[in-house]
Amino acid sequence: MGSRISLLILFAAFCMPAQGADAGYAGKAVDLLDRPGSQAKVVARLAKRQPVQIIGRNGSWANTKSANATGWVRLADLRLHVATSKSPASPSARANPGKKDTGIRGFSEEELLVGAPNQAEGEKLRRLGVAAKDSAIFARAANLKPREQDYIQVREYMPEGGFPEGFFDE
Amino acid sequence: MSPARCVLVSLALAALVLGGCSQQQADAFMRNINESGGLKQTLTILREPTQAEEIEIGDGVAETLLGARPLLDDPDLQRYVNAVGMWVAQQSERPDLPWHFGVNDSDHINAFAAPGGYVIVTKGMMKQLRNEAELAGVLGHEVAHVTQKHHLKALRKAAVMNLLSAGAAAATAERRHAELVQKLSGPTKELYARGLDKADEFEADRMGVVLAARAGYDPYGLPAVLTTLASADPKDNFLTLLTKTHPLPQVRLDRLAPGLATLDGIKAPQNPTRFQQYTKKLHVASQ
């Protein structure tokens, strides 16, 4: 279980952009520390959902600035702000999915179910495509270097000590 | 195959199939043979589709998905997504499929794969991504659905192969295609509204991060996207279909985490600059 949490923290660290201040909030009530690491001193406490700016990163730790304090917190304890719907669809949008009056262009279950197959758009999609050799040139232009990498095996899925209780409950 | 040999093989096959069935299932099997016009169609259901048939089914599935929302009119972006997608697909076990990637004009956050090499990403999903490694991770996930034939296998359960052979009698290729698409439409909608088995989604996650890594990208692109989605409200209006058809992002992250240890230590580019160059119109249009 411990290794699973540490891995989550590890890749959360990779998820964060190296530069720039990301906006987010505390995923739970958590101590704010004077430096990264478990030996650090507590300087303040973030309340659940308290907004923060992420002003730096050190491994799996984020340096955050909130309204009343600055300090370090584990990246895994933060959530990023996500720009999805600015406002929920109006009742008319739900009743008339895909109508332009809301400006929302959807792909809801309703729109999927009522839509008729579109052969002209299928033709357009079939015309889209890039030759393999051109994709390789495009990759080299961005300094991408292909590497050999085995697929992750299911047995490598098993965390040390086995899966915790409730892991399969979704 | 001679008619006599064909009958022998079919009887053997029927015995094989019926051997493990209840009486009720056996009756249904024989009824299907009679109602579907004969043995040929029934054998077609049982066998593995050829690659040409897989692509033909994919054509129909893609047209149904594009019936819900058309492609986005942004040729530069479409070409960019195809260049990245084709490069990722080249790292898979099926590089020679006719891969086609498209961004559709939907604000919802989602991505879809269809048999034969089709991948559609919504504009809403593109706007959530921050760099090319994240795009490669999403496309890698969808490419894995195609290479593992997840949708094809699910559609076969809906007797789609029977539809293929039923369409074969049509007089012209155009007519045959139109009939196939029409008949595929119902099973396609049902499948894409219900979603794949969760095990298929977890497998596509495991393979997607590796395909992105093989392509030379930071393999944490897909986990980064899942982190972004885990931060959103699953009841968000633009996430409803994704939430209904996939395990929750946090669950997918939990499942992926132990296996990511095999990718430790890879330092590879994320390419935010090139990604932002090709996607800036998306953000301008939404202001």
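Going along each chain's sequence as written, the residues are numbered from 1 onward. Each chain is given a letter, starting from A, and each ligand a number, starting from 1, according to the order in which they appear as written. The predicted nature of this model means local features are confined to residues of pLDDT at least 70 and side-chain atom pairs, given and counted, to a pLDDT of 80 or more, with totals for whole chains, interfaces and linings taken over all residues.

Observations concerning the overall build of chain B
Defined as follows: Only DSSP runs of H or I covering at least 4 residues are called helices, and only runs of E covering at least 2 are called strands; the numbering of each starts at the N terminus. Every C-beta atom is placed from the backbone, and the number of other C-beta atoms within 10 Å of a residue's own sets its class: buried at 20 or more, exposed at 12 or fewer, partly exposed in between. Here the contact rule is simple: place C-beta atoms from the backbone, and any two residues whose C-beta atoms are within 7 Å are in contact.
A tally of helices and strands in chain B yields 15 helices and three strands. Looking at chain B as a whole, 52% of its 287 residues qualify as buried. Within chain B, counting contacts between residues at least 6 apart in sequence, those at least 24 apart form 73% of the total.

Notes on the overall build of chain A
Within chain A one finds five helices and seven strands. In chain A, the succession of helices and strands from N to C terminus is α-β-β-β-β-β-β-β-α-α-α-α. Going through the 170 residues of chain A one by one, you find that 27% of them count as buried.

Some remarks on the interface of chain A and chain B
The condition that has to hold: Note on residue classes: Ala, Val, Leu, Ile, Met, Phe, Trp, Tyr, Cys and Pro are nonpolar, Asp, Glu, Lys and Arg are charged, and everything else, Gly too, is polar.
Contacts between chain A and chain B engage 57 residues on the former and 77 residues on the latter. Those elements that provide at least two residues to the side of chain A that touches chain B are α1 (2-15), β7 (78-80), α3 (109-114), α4 (119-127) and α5 (132-141) of chain A. Examining the composition of the side of chain A that touches chain B, we find that seven residues originate from one element, α1(A), more than from any other. Looking at the side of chain A that touches chain B residue by residue, the classes come out as 32 nonpolar, twelve polar and 13 charged.

A closer look at the environment of A:Asn143
Residues and elements named next belong to chain A. Structurally, the position occupied by Asn 143 is in the segment after α5. The exposure class of Asn 143 is exposed, given the 10 C-beta atoms found within 10 Å. A sequence separation of 37 residues divides Asn 143 from Gly 106, and the C-alpha atoms of the two residues are 36 Å apart.

Focus on the sheet that holds strand β3 (residues 118-122) of chain B
Residue and element names in this part refer to chain B. Operational definition: Note on pairing: DSSP must find at least two bridges between two strands before they are called paired. Axis definition: a line fitted to C-alpha atoms, limited for helices to the stretch in contact. Angles are taken between N-to-C directions and run from 0 to 180 degrees.
Here three strands make up an open sheet; going across it, the order is β1-β3-β2 and the pairing mixed. Two strands in the sheet have a free side with no partner beyond their single neighbour: β1 (100-104) and β2 (111-114). Mean inter-strand twist for the sheet, computed between neighbouring axes without regard to direction, equals 15°. Bridging between β1 and β3 involves five bridges; their strand directions are parallel.

Topic: helix α5 (residues 75-89) of chain B
All names here are of chain B. Cut-off, in case you're wondering: Under the convention used throughout, the expected extent of a helix is 1.5 Å for every residue step, that is, one less than its residue count.
Here α5 is 15 residues long and its end C-alpha atoms lie 20 Å apart, about the 21 Å a rise of 1.5 Å per residue gives. Across the 15 residues of α5, eleven count as buried, placing the element largely inside the fold. Among the residues of α5, Gln 78, Tyr 80, Val 81, Asn 82, Ala 83, Val 84, Gly 85, Met 86, Trp 87, Val 88 and Ala 89 are the ones counted as buried.

Examining the confidence of the model for chain A
All names here are of chain A. In plain terms, the rule: The score called pLDDT rates the predictor's confidence residue by residue, from a low of 0 to a high of 100.
Averaged over chain A, the pLDDT score is 72; the fraction of residues at 70 or greater is 59%. Of all helices and strands in chain A, the one with the weakest mean pLDDT is helix α2 (residues 91-95) (35), whereas α5 scores best (98). Note that residues 1-20 has pLDDT below 50 and, in this model, 46 contacts with residues that lie over four places away or in other chains. Confidence drops under pLDDT 50 across residues 85-101; counting only partners more than four residues distant or on other chains, this segment forms 19 contacts.

A look at the packing of α5(A) against α5(B)
Where we set the bar: Each angle gets one of four labels, with under 35 degrees taken as roughly parallel, over 145 as roughly antiparallel, 65 to 115 as roughly perpendicular, and the rest as oblique.
One can describe the packing of α5(A) onto α5(B) by two numbers: an axis separation of 8 Å at closest approach and a directional angle of 100°. The angle between α5(A) and α5(B) places the two elements in the roughly perpendicular class. Between α5(A) and α5(B), the contacting residues are A:Ala132, A:Asp134, A:Ser135, A:Ala136, A:Phe138 and A:Ala139 on the first element and B:Ala83, B:Met86 and B:Trp87 on the second. In the contact of α5(A) with α5(B), the residues fall into seven nonpolar, one polar and one charged.

Topic: the nonpolar core
Our working rule: Put simply, a nonpolar core is a cluster of buried Ala, Val, Leu, Ile, Met, Phe, Trp, Tyr and Cys residues tied together by C-beta atoms within 7 Å.
By size, the foremost hydrophobic cluster in this structure holds 83 residues, and its most contacted members are B:Val88 and B:Ala212. When sequence neighbours within four positions are dropped, the list of residues in contact with B:Val88 reads B:Ala136, B:Leu139, B:Gly140, B:Val143, B:Leu211, B:Ala212 and B:Ala215. In terms of nonpolar packing, the next biggest core, distinct from the first, is built from ten residues, A:Ala26, A:Leu33, A:Val52 and A:Trp72 among them.

Looking at the confidence of the model for chain B
Residue and element names in this part refer to chain B. With 78% of its residues at a pLDDT of at least 70, chain B reaches an overall mean of 83. pLDDT under 50 marks residues 1-21. Its contacts with residues more than four places away, or in other chains, come to eight contacts. Scored as a complex, the prediction yields pTM 0.73 and ipTM 0.80.

Some words on the packing of helix α12 (residues 221-231) of chain B against helix α14 (residues 249-256) of chain B
The packing of two helices is summarised by the inter-axis angle and the distance between the axes. All names here are of chain B. Note the cut-off: Put simply, a crossing is left-handed when the front helix is turned counterclockwise from the back one by less than a right angle, and right-handed when it is turned clockwise.
Closest axis-to-axis distance for the α12/α14 pair is 8 Å, and the angle between their directions is 145°. Judged by the sense of rotation from one axis to the other, the crossing of α12 with α14 is left-handed. Here Pro 223, Leu 226, Thr 227, Leu 229 and Ala 230 of α12 come into contact with α14, specifically with Pro 249, Gln 250, Arg 252, Leu 253 and Leu 256.

A word on the pairing of β3(B)
Residue and element names in this part refer to chain B. The element β3 is largely enclosed, with a buried count of five among its five residues. In β3, alternate side chains face the same way, and those of Tyr 118, Ile 120 and Thr 122 on one face and Val 119 and Val 121 on the other are all buried. Sheet analysis places β2 next to β3, joined by four bridges and oriented antiparallel. The residue of β3 that forms the bridge with Ala 113 is Val 119. Taking the residues between adjacent antiparallel strands as the criterion, β2 and β3 are bridged by three residues, where Gly 116 takes a positive phi near 90°.

A look at unusual backbone geometry
Glycine aside, residues mostly have negative phi, and peptide bonds are mostly found in the trans state. Of note in this structure, A:Asn143 is not a glycine but carries a positive phi near 65°. At B:Asn271, a position not held by glycine, the phi torsion is positive, near 55°. Among the structural elements, B:Asn271 can be located in the loop between α14 and α15 (272-285).

Thoughts on the environment of B:Asp76
Within the secondary structure layout, B:Asp76 lies in helix α5. Considering only alpha carbons, one finds B:Asp76 and B:Tyr278, 202 residues apart in sequence, at a separation of 7.0 Å.

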